[in-house]
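# Overview (structure and organization)
Read off the chains here:
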Amino acid sequence: MVRPVKKMLIILVAAVVIGYLIFSASYFRNMSRNKVCESFGVVIADSNQYKFVSRQDIMGLVKRYDLDPVGRKFSEINTLSIRDTILTNRLVESAEVFITPGGSVVATIYQRKPVLRVISDTKGNFYVDNERRIMPVSGNFTVYVPVATGIIDEEFARNELYDFALFLNNHSDWNVWIEQIVVQNNHEVILIPRAGDFRIVMGDLNDYQAKLAKFARFVDKGLNVVGWNRYSVINLKYDNQVVCTKK
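So, here's what we can say about the structure. All residue numbers refer to position in the chain's written sequence, counted from 1. Totals for whole chains, interfaces and linings use all residues, but because this is a predicted model, local features are given only for residues with pLDDT of at least 70 and pairs of side-chain atoms are given and counted only at 80 or more. To obtain the side-chain values, all non-hydrogen atoms of the structure were used and water was disregarded.

With that out of the way, let us pick up the pattern of salt bridges. Should a side-chain nitrogen of Lys or Arg be within 4 Å of a carboxyl oxygen of Asp or Glu, the pair is scored as a salt bridge. The full count for this structure, using the stated rule, is 9 salt bridges. For Asp 129, the salt bridge is made with Arg 112, and the minimal N-O distance between the two is 3.0 Å. With a gap of 17 residues between them, Asp 129 in strand 5 (residues 124-129) and Arg 112 in the loop between strand 3 (104-111) and strand 4 (114-120) connect regions that are remote in the sequence. When a residue's accessible area, from a 1.4 Å probe over protein chains only, is under 20% of the maximum for its type it is buried; when over 50% it is exposed; and in between it is partly exposed. With relative accessibility at 0%, the residue Asp 129 sits in the buried group. The partner of Lys 211 in a salt bridge is Asp 204, with the nearest N and O atoms 3.5 Å apart. A relative accessible area of 35% places Asp 204 in the partly exposed class. Through salt bridges with shared partners, a single ionic network connects Glu 93, Arg 112, Asp 129 and Arg 133. Segments assigned H or I by DSSP are reported as helices when at least four residues long, segments assigned E as strands when at least two residues long, and all are numbered from the N terminus.

Turning our eyes to something else, we now look at the sheet that holds strand 2 (residues 92-99). At least two DSSP bridges between two strands are needed for those strands to be called paired. Taken in spatial order, the 3 strands line up as 1-3-2 in an open sheet, and their pairing is mixed. Looking along the sheet, the strands with just one partner apiece sit at the ends: strand 1 (39-44) and strand 2. Along the sheet, successive strands turn relative to each other by an average axial angle of 15 degrees, direction set aside. Where strand 2 lies against strand 3, 7 bridges are found, and the strand directions are antiparallel. Within the sheet, the bridge partner assigned to Phe 98 lies in strand 3 and is Val 106. Contacts are residue-level and defined by heavy atoms, with any inter-residue pair within 4.5 Å sufficient. The axes are straight lines fitted to the C-alpha atoms, using for helices just the contacting stretch, and the angles between their N-to-C directions are given from 0 to 180°. Here helix 2 (residues 55-64) sits on the sheet and contacts strand 1, strand 2 and strand 3; the angle it forms with strand 1, its principal contact strand, is near 135 degrees. Contacting strand 1, strand 2 and strand 3, helix 3 (residues 79-86) runs over the sheet at an angle of about 160 degrees to strand 2.

Time to look at the packing of aromatic side chains. Here the aromatic set is Phe, Tyr and Trp, taking the six-membered ring for Trp, and pairing holds for ring centres within 6.5 Å; pairs whose planes are under 30 degrees apart are stacked, those over 60 apart are edge-to-face, and all others are tilted. This model, assessed by the stated rule, comprises 10 aromatic pairs. Residues Phe 218 and Tyr 231 carry aromatic rings whose centres are separated by 6.3 Å and whose planes lie at 45 degrees to one another, so their mutual orientation is tilted. You can see Phe 218 sitting in helix 7 (residues 208-226) and its partner Tyr 231 sitting in strand 11 (residues 231-235), a full 13 residues away along the chain. Grouping residues by exposure puts Phe 218 and Tyr 231 together as buried. An aromatic cluster is present here, built from Tyr 50, Phe 52, Tyr 127 and Phe 141 joined pairwise through their rings.

Our focus in this paragraph is the nonpolar core. Within the largest apolar cluster, 35 residues are counted, with the highest numbers of intra-cluster contacts made by Leu 161, Phe 164, Ile 181 and Leu 191. If we skip the residues at most four places from it in the chain, Leu 161 touches Leu 116, Ala 148, Ile 152, Phe 156, Ile 181, Val 183 and Leu 205. Only buried Ala, Val, Leu, Ile, Met, Phe, Trp, Tyr and Cys residues count toward a nonpolar core, and they belong to the same one when joined by side-chain atoms within 4.5 Å. The next biggest cluster of nonpolar side chains, apart from the first, holds 26 residues, and it includes Val 53, Ile 77, Val 92 and Val 105.

Time to look at the sheet that holds strand 8 (residues 178-183). Pairing between the strands of a sheet comes from backbone hydrogen bonds, and it takes one of two forms, parallel or antiparallel. One open sheet accounts for 9 strands, arranged 6-5-4-7-8-9-10-11-12; its pairing is mixed. A strand with exactly one partner marks an edge of an open sheet, and here the two such strands are strand 6 (134-136) and strand 12 (243-246). Each adjacent strand pair in this sheet contributes to an overall mean axis angle of 25 degrees, direction not counted. As paired elements, strand 10 (residues 199-203) and strand 11 share 3 bridges and run parallel to each other. The partner of Val 201 across the bridge, within strand 11, is Asn 235. This element, helix 5 (residues 160-170), spans strand 4, strand 5, strand 7 (147-150), strand 8, strand 9 (189-193) and strand 10 of the sheet and lies at about 130 degrees to strand 4.

The residue Arg 132 is not glycine, and still its phi comes out positive at about 65 degrees. Along the chain, the position of Arg 132 falls in the loop between strand 5 and strand 6. Positive phi, close to 60 degrees, is recorded for Asn 240, a residue that is not glycine. Along the polypeptide, Asn 240 turns up in the loop between strand 11 and strand 12.

Our next topic: the packing of helix 2 against helix 3. Running from N to C, helix 2 and helix 3 cross one another at 120 degrees; their axes reach a closest spacing of 10 Å. When the interaxial angle is binned, helix 2 and helix 3 end up oblique. Where helix 2 crosses over helix 3, the handedness of that crossing is right-handed. When helix 2 is examined against helix 3, the residues Ile 58, Leu 61 and Val 62 are found in contact with a partner set consisting of Ile 82, Thr 85 and Ile 86. Across the contact of helix 2 with helix 3, the residue classes tally to 5 nonpolar, 1 polar and no charged. Relative orientations are named as follows: roughly parallel for angles under 35 degrees, roughly antiparallel for angles over 145 degrees, roughly perpendicular for angles from 65 to 115 degrees, and oblique for any other angle. In this scheme the crossing of two helices becomes right-handed for a clockwise turn of the near helix relative to the far one and left-handed for an anticlockwise turn of less than a right angle. For this scheme, ten residues count as nonpolar: Ala, Val, Leu, Ile, Met, Phe, Trp, Tyr, Cys and Pro. Four count as charged, namely Asp, Glu, Lys and Arg, and the remainder, Gly too, count as polar.

So this is what it looks like as structure tokens:
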């Protein structure tokens with residue numbers, strides 16, 4: 001008879017403990033839901049690299065849509081709505097909004113990452129980000145990326161021009177050397193270098209790596225010998241040759 005009684009006591013104690021835990025969880029959950037939010041924090045996680053958006057921008061956006069959590073009970077706060085509102089800012093890549101144990105709401109923000117800046121005669125001024133998406137420029141911050149000007153449509157910017165800009169970004173020698181990419185109405189490209197008073201005619205962007213390599217050889221064996229101010233145009237359009245126009 002001793003063992004069945006002991007077993008019953010163990011079951012009874014376990015039931016009491018489980019019941020207490022369930023009651024405690026429910027009680028403290030209700031208590032936390034009735035607790036008032038004390039502060040709203042915004043963390044721009046990549047602010048050391050980009051400064052397109054500020055803490056004030058995000059807080060102002062949340063207040064504009066009457067979603068400021070400060071002074072509200074947690075039962076009245078919808079963190080998903082706050083997140084979705086923050087994502088309406090087209091300079092924001094992602095956002096996480098959560099409630100801290102200390103009674104605050106915190107939003108962690110990541111910004112979009114531009115690869116190319118476009119100043120188009122027909123489509124205005126915009127960036128292309130690392131996902132090949134069009135993103136607006138910001139009055140708060142300008143990032144150092146290749147700049148393309150001229151007659152540029154969004155499709156060309158997101159494809160051939162993006163690939164060329166990404167190559168420049170990944171090859172610092174070329175990126176520093178080329179000041180501007182000029183696009184003509186037939187999508188042919190002219191490069192404006194930082195050094196030398198001449199223009200580099202690329203033609204279309206097919207085989208751009210080979211064309212740049214050809215230009216590098218020409219600099220080594222040509223411009224460094226005859227001088228950098230002898231030509232006004234250096235044309236790389238043609239296979240196996242460099243055509244120059246004298247000043």
